[in-house]
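The primary structure of each chain is shown beneath.
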Amino acid sequence: MAARAVLLGSAAALVALALASDAPSLAVERDGVWVEWWRADRAPRRWTDGLEAVTGAVEWTPAANGVDWGTFRLSGSGEAWRLRVIVARMDPARVRFALAGTHEPAGRGRGWSIDQAPDLAVVALNAGQFSDAGPWGWVVRDGGEVRAPGYGPLAPAVVVDSSGHVRLVPADSVTIGRRHGGIATAFQSYPAALVRDGEIPSPLFNERSGVNLRHRDARLAIGLLRDGRVLVAMTRFEALGGALSNLPFGLTTPEMAAVMGALGASRAVLLDGGISSQLLVRDTTGNARAWRGIRQVPLGLVVTRR
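Since we're looking at a predicted model, the values are computed, not measured.

**Some points on helix 4 (residues 253-262)**
The buried fraction of helix 4 is high, at ten of ten residues. Residues of helix 4 that are buried include every one of T253, P254, E255, M256, A257, A258, V259, M260, G261 and A262, and no others. Trailing helix 4 by a residue or two, G264 shows a phi angle of about 100 degrees, which is positive.

In C-alpha coordinates form, the structure reads like this:
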(Lines give C-alpha, C1' and ligand atoms only; values in the text may rest on other atoms or scores of the structure.)
Protein backbone atom coordinates (compact mmCIF):
# COMPACT_ATOMS: atom_id res chain seq x y z
CA MET A 1 0.00 0.00 0.00
CA ALA A 2 1.57 3.28 -1.07
CA ALA A 3 1.77 5.79 1.76
CA ARG A 4 0.13 9.14 1.05
CA ALA A 5 1.42 12.20 2.87
CA VAL A 6 -1.29 14.50 4.14
CA LEU A 7 -0.21 17.94 5.29
CA LEU A 8 -2.47 19.25 8.00
CA GLY A 9 -2.08 22.70 9.46
CA SER A 10 -4.58 22.38 12.29
CA ALA A 11 -6.77 20.01 14.26
CA ALA A 12 -9.76 21.28 12.29
CA ALA A 13 -8.12 20.17 9.04
CA LEU A 14 -7.51 16.73 10.51
CA VAL A 15 -11.15 16.31 11.52
CA ALA A 16 -12.27 17.50 8.10
CA LEU A 17 -10.07 14.85 6.47
CA ALA A 18 -11.60 12.13 8.65
CA LEU A 19 -15.12 13.23 7.80
CA ALA A 20 -14.41 13.58 4.09
CA SER A 21 -14.26 9.83 3.56
CA ASP A 22 -16.79 7.17 4.47
CA ALA A 23 -13.95 4.71 5.08
CA PRO A 24 -12.12 4.96 8.44
CA SER A 25 -8.43 5.67 8.01
CA LEU A 26 -5.25 5.96 10.06
CA ALA A 27 -2.45 8.49 9.70
CA VAL A 28 0.88 8.60 11.53
CA GLU A 29 2.84 11.74 12.37
CA ARG A 30 6.31 11.90 10.81
CA ASP A 31 8.35 15.06 11.46
CA GLY A 32 5.23 17.18 11.82
CA VAL A 33 3.60 15.71 8.72
CA TRP A 34 0.59 13.37 8.89
CA VAL A 35 0.97 10.35 6.58
CA GLU A 36 -2.09 8.24 5.86
CA TRP A 37 -1.05 4.57 5.83
CA TRP A 38 -4.26 2.54 6.29
CA ARG A 39 -7.86 2.68 5.10
CA ALA A 40 -10.64 0.27 5.95
CA ASP A 41 -11.80 -0.01 2.34
CA ARG A 42 -8.40 -1.29 1.20
CA ALA A 43 -7.03 -2.83 4.36
CA PRO A 44 -4.37 -5.50 3.76
CA ARG A 45 -5.25 -9.04 4.76
CA ARG A 46 -1.61 -9.98 5.25
CA TRP A 47 1.43 -8.21 6.68
CA THR A 48 4.72 -9.65 5.44
CA ASP A 49 6.77 -7.11 7.39
CA GLY A 50 6.41 -3.90 9.32
CA LEU A 51 5.47 -0.67 7.53
CA GLU A 52 8.29 1.86 7.55
CA ALA A 53 5.86 4.77 7.74
CA VAL A 54 4.86 3.46 11.18
CA THR A 55 8.02 1.75 12.45
CA GLY A 56 10.09 4.79 11.46
CA ALA A 57 7.84 7.08 13.51
CA VAL A 58 8.66 5.35 16.81
CA GLU A 59 11.10 7.21 19.06
CA TRP A 60 12.86 4.26 20.73
CA THR A 61 14.62 4.63 24.10
CA PRO A 62 16.63 1.94 25.96
CA ALA A 63 14.86 0.85 29.15
CA ALA A 64 16.88 -2.14 30.37
CA ASN A 65 19.12 -4.85 28.96
CA GLY A 66 16.99 -6.38 26.20
CA VAL A 67 14.13 -3.86 26.60
CA ASP A 68 13.38 -0.60 24.87
CA TRP A 69 10.29 1.52 24.58
CA GLY A 70 8.95 4.42 22.56
CA THR A 71 5.93 6.37 21.42
CA PHE A 72 4.36 7.68 18.25
CA ARG A 73 1.22 9.58 17.33
CA LEU A 74 -1.76 8.38 15.32
CA SER A 75 -4.81 10.09 13.93
CA GLY A 76 -7.91 8.08 13.14
CA SER A 77 -11.57 8.64 12.44
CA GLY A 78 -14.06 10.11 14.88
CA GLU A 79 -12.97 10.01 18.52
CA ALA A 80 -9.62 8.51 17.51
CA TRP A 81 -8.50 11.75 15.89
CA ARG A 82 -5.57 12.24 18.32
CA LEU A 83 -3.88 9.21 19.88
CA ARG A 84 -0.53 8.45 21.46
CA VAL A 85 0.73 4.87 21.08
CA ILE A 86 3.17 3.62 23.71
CA VAL A 87 5.21 0.60 22.65
CA ALA A 88 7.74 -1.67 24.37
CA ARG A 89 9.73 -4.55 22.94
CA MET A 90 11.47 -7.21 24.97
CA ASP A 91 13.99 -9.95 24.22
CA PRO A 92 12.84 -13.17 25.99
CA ALA A 93 16.48 -14.29 26.18
CA ARG A 94 17.21 -11.37 28.52
CA VAL A 95 14.03 -11.02 30.56
CA ARG A 96 11.58 -13.20 32.47
CA PHE A 97 7.79 -13.12 32.26
CA ALA A 98 5.53 -13.93 35.20
CA LEU A 99 1.91 -13.41 36.20
CA ALA A 100 0.81 -11.39 39.20
CA GLY A 101 -2.62 -11.06 40.77
CA THR A 102 -5.13 -13.17 42.63
CA HIS A 103 -6.94 -14.95 39.73
CA GLU A 104 -10.15 -13.84 41.45
CA PRO A 105 -12.70 -11.16 40.48
CA ALA A 106 -11.24 -7.67 40.81
CA GLY A 107 -12.82 -5.47 43.46
CA ARG A 108 -12.95 -5.16 47.22
CA GLY A 109 -9.20 -4.65 47.29
CA ARG A 110 -8.37 -7.93 45.52
CA GLY A 111 -7.46 -6.51 42.14
CA TRP A 112 -4.07 -5.83 40.59
CA SER A 113 -2.60 -2.67 39.09
CA ILE A 114 0.83 -1.62 37.87
CA ASP A 115 1.31 0.21 41.18
CA GLN A 116 1.76 -3.26 42.72
CA ALA A 117 4.57 -4.20 40.34
CA PRO A 118 7.84 -4.87 42.20
CA ASP A 119 10.80 -2.51 41.98
CA LEU A 120 12.60 -5.14 39.90
CA ALA A 121 9.94 -4.95 37.16
CA VAL A 122 11.19 -3.39 33.94
CA VAL A 123 7.76 -3.72 32.26
CA ALA A 124 4.32 -4.44 33.73
CA LEU A 125 0.86 -4.48 32.18
CA ASN A 126 -2.59 -5.96 32.65
CA ALA A 127 -2.95 -9.45 31.18
CA GLY A 128 -5.76 -11.19 29.30
CA GLN A 129 -9.46 -10.41 29.57
CA PHE A 130 -11.76 -10.93 32.52
CA SER A 131 -15.38 -11.23 33.56
CA ASP A 132 -17.23 -10.91 36.86
CA ALA A 133 -15.91 -14.37 37.71
CA GLY A 134 -12.25 -13.39 37.28
CA PRO A 135 -9.74 -13.99 34.43
CA TRP A 136 -11.19 -15.37 31.22
CA GLY A 137 -9.86 -18.74 30.11
CA TRP A 138 -6.59 -20.53 30.68
CA VAL A 139 -4.22 -19.40 33.41
CA VAL A 140 -0.91 -21.11 34.30
CA ARG A 141 1.27 -19.58 37.00
CA ASP A 142 4.63 -20.87 38.22
CA GLY A 143 4.06 -24.07 36.25
CA GLY A 144 0.68 -24.84 37.84
CA GLU A 145 -2.64 -24.57 36.07
CA VAL A 146 -4.95 -22.18 37.92
CA ARG A 147 -7.80 -22.07 35.40
CA ALA A 148 -8.78 -24.38 32.56
CA PRO A 149 -8.81 -23.10 28.96
CA GLY A 150 -11.74 -21.19 27.56
CA TYR A 151 -12.97 -21.92 24.06
CA GLY A 152 -13.72 -19.64 21.12
CA PRO A 153 -12.47 -19.14 17.55
CA LEU A 154 -10.48 -16.02 18.45
CA ALA A 155 -9.17 -17.12 21.84
CA PRO A 156 -5.37 -17.51 21.58
CA ALA A 157 -3.06 -17.94 24.54
CA VAL A 158 0.21 -16.27 25.48
CA VAL A 159 2.50 -19.08 26.61
CA VAL A 160 5.95 -18.97 28.23
CA ASP A 161 7.66 -22.35 28.49
CA SER A 162 10.12 -23.47 31.15
CA SER A 163 13.06 -22.24 29.04
CA GLY A 164 11.59 -18.74 28.75
CA HIS A 165 10.53 -19.06 25.13
CA VAL A 166 7.36 -17.05 24.38
CA ARG A 167 4.66 -18.25 21.97
CA LEU A 168 1.24 -17.03 20.94
CA VAL A 169 -0.75 -20.22 20.57
CA PRO A 170 -3.87 -20.24 18.33
CA ALA A 171 -7.18 -21.19 19.92
CA ASP A 172 -7.28 -24.56 18.16
CA SER A 173 -3.84 -25.50 19.53
CA VAL A 174 -4.32 -24.59 23.19
CA THR A 175 -5.45 -28.09 24.18
CA ILE A 176 -2.45 -29.70 22.44
CA GLY A 177 -0.02 -27.32 24.11
CA ARG A 178 -1.64 -27.99 27.47
CA ARG A 179 -1.02 -31.73 27.11
CA HIS A 180 2.66 -31.35 26.24
CA GLY A 181 3.46 -29.68 29.54
CA GLY A 182 6.62 -27.70 30.25
CA ILE A 183 4.61 -24.49 30.55
CA ALA A 184 5.69 -21.96 33.17
CA THR A 185 3.21 -19.17 32.44
CA ALA A 186 0.10 -18.87 30.28
CA PHE A 187 -2.96 -16.71 29.96
CA GLN A 188 -5.72 -16.47 27.41
CA SER A 189 -7.75 -13.66 25.85
CA TYR A 190 -11.05 -13.55 23.92
CA PRO A 191 -12.10 -12.39 21.38
CA ALA A 192 -8.57 -11.36 20.80
CA ALA A 193 -6.65 -12.71 17.78
CA LEU A 194 -5.38 -9.72 15.78
CA VAL A 195 -2.61 -11.23 13.62
CA ARG A 196 -1.91 -14.92 12.93
CA ASP A 197 1.32 -15.67 11.04
CA GLY A 198 1.01 -12.30 9.33
CA GLU A 199 -2.64 -12.83 8.41
CA ILE A 200 -5.47 -10.67 9.73
CA PRO A 201 -8.18 -13.16 10.85
CA SER A 202 -11.16 -13.25 8.48
CA PRO A 203 -13.69 -12.38 11.25
CA LEU A 204 -12.08 -8.92 11.41
CA PHE A 205 -13.39 -8.30 7.89
CA ASN A 206 -16.87 -9.72 8.48
CA GLU A 207 -19.55 -7.66 10.23
CA ARG A 208 -21.51 -10.86 10.90
CA SER A 209 -18.68 -12.67 12.63
CA GLY A 210 -19.84 -11.80 16.13
CA VAL A 211 -16.92 -9.44 16.72
CA ASN A 212 -17.86 -5.77 17.11
CA LEU A 213 -15.82 -4.15 14.34
CA ARG A 214 -17.03 -0.59 14.94
CA HIS A 215 -16.59 -0.13 18.67
CA ARG A 216 -13.83 2.33 19.57
CA ASP A 217 -11.86 2.05 22.79
CA ALA A 218 -8.47 2.48 24.39
CA ARG A 219 -6.49 -0.57 23.26
CA LEU A 220 -3.73 -2.80 24.58
CA ALA A 221 -2.14 -5.65 22.63
CA ILE A 222 0.79 -8.04 22.89
CA GLY A 223 2.53 -9.66 19.94
CA LEU A 224 5.62 -11.39 18.63
CA LEU A 225 8.00 -9.73 16.21
CA ARG A 226 9.57 -11.84 13.48
CA ASP A 227 12.90 -11.84 15.32
CA GLY A 228 11.28 -13.41 18.41
CA ARG A 229 11.02 -10.29 20.55
CA VAL A 230 7.79 -9.56 22.39
CA LEU A 231 5.97 -6.35 21.46
CA VAL A 232 3.43 -4.51 23.59
CA ALA A 233 1.40 -1.55 22.29
CA MET A 234 -1.09 0.61 24.16
CA THR A 235 -3.13 3.60 22.93
CA ARG A 236 -3.97 6.73 24.87
CA PHE A 237 -6.34 9.54 23.89
CA GLU A 238 -4.26 12.69 23.48
CA ALA A 239 -6.68 15.58 22.96
CA LEU A 240 -6.17 18.67 25.15
CA GLY A 241 -2.53 17.82 25.67
CA GLY A 242 -3.27 14.42 27.17
CA ALA A 243 -5.41 15.77 30.03
CA LEU A 244 -8.11 13.25 29.09
CA SER A 245 -5.78 10.33 28.41
CA ASN A 246 -7.78 7.88 30.53
CA LEU A 247 -10.93 8.31 28.48
CA PRO A 248 -11.76 5.03 26.67
CA PHE A 249 -11.51 6.63 23.22
CA GLY A 250 -9.43 5.05 20.50
CA LEU A 251 -9.23 2.42 17.80
CA THR A 252 -11.50 -0.32 16.53
CA THR A 253 -10.34 -3.93 16.71
CA PRO A 254 -9.44 -4.04 12.96
CA GLU A 255 -7.50 -0.79 13.36
CA MET A 256 -5.52 -2.20 16.30
CA ALA A 257 -4.79 -5.28 14.20
CA ALA A 258 -3.40 -2.96 11.52
CA VAL A 259 -1.22 -1.17 14.08
CA MET A 260 0.31 -4.45 15.27
CA GLY A 261 0.82 -5.62 11.70
CA ALA A 262 2.43 -2.33 10.71
CA LEU A 263 4.75 -2.54 13.73
CA GLY A 264 6.01 -5.88 12.41
CA ALA A 265 4.14 -8.37 14.62
CA SER A 266 3.71 -11.78 13.00
CA ARG A 267 1.23 -12.73 15.73
CA ALA A 268 -0.73 -10.45 18.03
CA VAL A 269 -3.42 -10.71 20.68
CA LEU A 270 -5.77 -8.05 22.02
CA LEU A 271 -5.74 -7.66 25.80
CA ASP A 272 -8.31 -5.93 27.97
CA GLY A 273 -8.42 -2.27 27.04
CA GLY A 274 -10.63 0.65 27.99
CA ILE A 275 -10.26 1.80 31.58
CA SER A 276 -8.38 -1.43 32.44
CA SER A 277 -5.40 -0.83 30.16
CA GLN A 278 -2.21 0.08 31.99
CA LEU A 279 1.50 -0.09 31.32
CA LEU A 280 4.69 0.55 33.28
CA VAL A 281 8.19 0.82 31.81
CA ARG A 282 11.26 1.37 34.00
CA ASP A 283 14.10 3.29 32.40
CA THR A 284 17.86 2.74 32.70
CA THR A 285 18.02 4.97 35.82
CA GLY A 286 15.35 2.95 37.61
CA ASN A 287 12.63 5.57 37.23
CA ALA A 288 9.21 4.25 36.24
CA ARG A 289 7.09 5.66 33.44
CA ALA A 290 3.51 4.71 34.21
CA TRP A 291 0.29 4.91 32.20
CA ARG A 292 -2.30 3.91 34.77
CA GLY A 293 -5.75 2.46 34.29
CA ILE A 294 -8.82 3.47 36.24
CA ARG A 295 -9.86 -0.07 37.13
CA GLN A 296 -7.97 -2.84 38.87
CA VAL A 297 -7.78 -6.20 37.09
CA PRO A 298 -7.35 -9.83 38.22
CA LEU A 299 -4.09 -10.49 36.36
CA GLY A 300 -0.94 -8.60 35.54
CA LEU A 301 2.08 -9.57 33.44
CA VAL A 302 5.38 -8.58 35.08
CA VAL A 303 8.70 -8.57 33.21
CA THR A 304 12.00 -8.67 35.11
CA ARG A 305 15.67 -8.98 34.14
CA ARG A 306 17.17 -12.45 33.89
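There's plenty left to go through after this.
**As for the side chain of R219**
When you line up the elements, R219 lands in the loop between strand 16 (193-195) and strand 17 (220-225). Comment: no salt bridge for buried R219; closest opposite-charge side chain is D217, at 5.2 Å. Not counting residues up to four positions away in its chain, the partners in contact with R219 are A233, M234, T235, L251, T252, T253, M256 and L270.

**Observations regarding the packing of aromatic side chains**
Two measures describe an aromatic ring pair: the distance that separates the ring centres and the angle between the ring planes. The tally for this structure, following the rule as stated, stands at four aromatic pairs. Across the ring face of F205, the terminal group of R45 is positioned such that the distance to the ring centre comes to 3.9 Å. Over the face of the ring belonging to W60 we find R89, whose NZ or CZ atom lies 3.7 Å from the ring centre.

**Structural notes on the pattern of salt bridges**
By the definition in use, this model includes 15 salt bridges. Between E199 and R46 there is a salt bridge, and its shortest N-O distance comes to 3.1 Å. Here E199 is found in the loop between strand 16 and strand 17, whereas its partner R46 is found in the loop between strand 3 (33-39) and helix 2 (52-55), with 153 residues between them in sequence. On the basis of relative accessibility, which here comes to 36%, the residue E199 falls in the partly exposed class.

**Structural notes on the sheet that holds strand 20 (residues 279-282)**
Spatial strand order, 7-22-8-20-21: five strands in an open sheet with antiparallel pairing. Whereas interior strands pair on both sides, the edge strands pair on one side only; in this sheet they are strand 7 (95-101) and strand 21 (288-291). On average, each strand axis in the sheet is inclined to that of its neighbour by 15 degrees, with strand direction left out of account. Where strand 20 meets strand 21, four bridges bridge the pair, whose relative direction is antiparallel.

**What about unusual backbone geometry?**
Cis geometry is found at the peptide bond from Y190 to P191, where omega equals -15 degrees. By secondary structure assignment, the location of P191 is in the loop between strand 15 (183-188) and strand 16. Its identity is not glycine, yet D31 carries a phi of approximately 55 degrees, on the positive side. Mapped onto the fold, D31 is located in the loop between strand 2 (25-30) and strand 3. Residue classification places D31 among the exposed residues on the basis of a relative accessible area of 80%. Of note in this structure, D197 is not a glycine but carries a positive phi near 50 degrees. Taking relative accessible area as the criterion, D197 reaches 46% and is therefore assigned partly exposed.

**Focus: the confidence of the model for the protein**
Confidence along the protein averages 89 in pLDDT terms, with 89% of residues attaining 70 or more. Contacts of residues 1-21 to residues separated by more than four positions or lying in other chains number 32 contacts, the stretch itself having pLDDT below 50.

Definitions and cut-offs
Residues numbered from 1 in each chain as written. Predicted model: local features only at pLDDT ≥ 70, side-chain atom pairs only at ≥ 80, totals over all residues. Heavy atoms only, no water. Buried < 20%, exposed > 50% of the residue type's maximum accessible area, 1.4 Å probe, protein only. Helix = DSSP H or I, 4+ residues; strand = E, 2+ residues; numbered from the N terminus. Lys, Arg positive; Asp, Glu negative; His and termini not counted. Salt bridge = Lys/Arg side-chain N within 4 Å of Asp/Glu carboxyl O. Contact = heavy atoms within 4.5 Å. Phe/Tyr/Trp six-rings, centres within 6.5 Å; stacked < 30°, edge-to-face > 60°. Lys NZ or Arg CZ within 6 Å of the ring centre and 35° of its normal. Pairing = 2+ DSSP bridges. Axes fitted to C-alpha atoms, helices over the stretch in contact; angles between N-to-C directions. pLDDT = per-residue confidence, 0-100.

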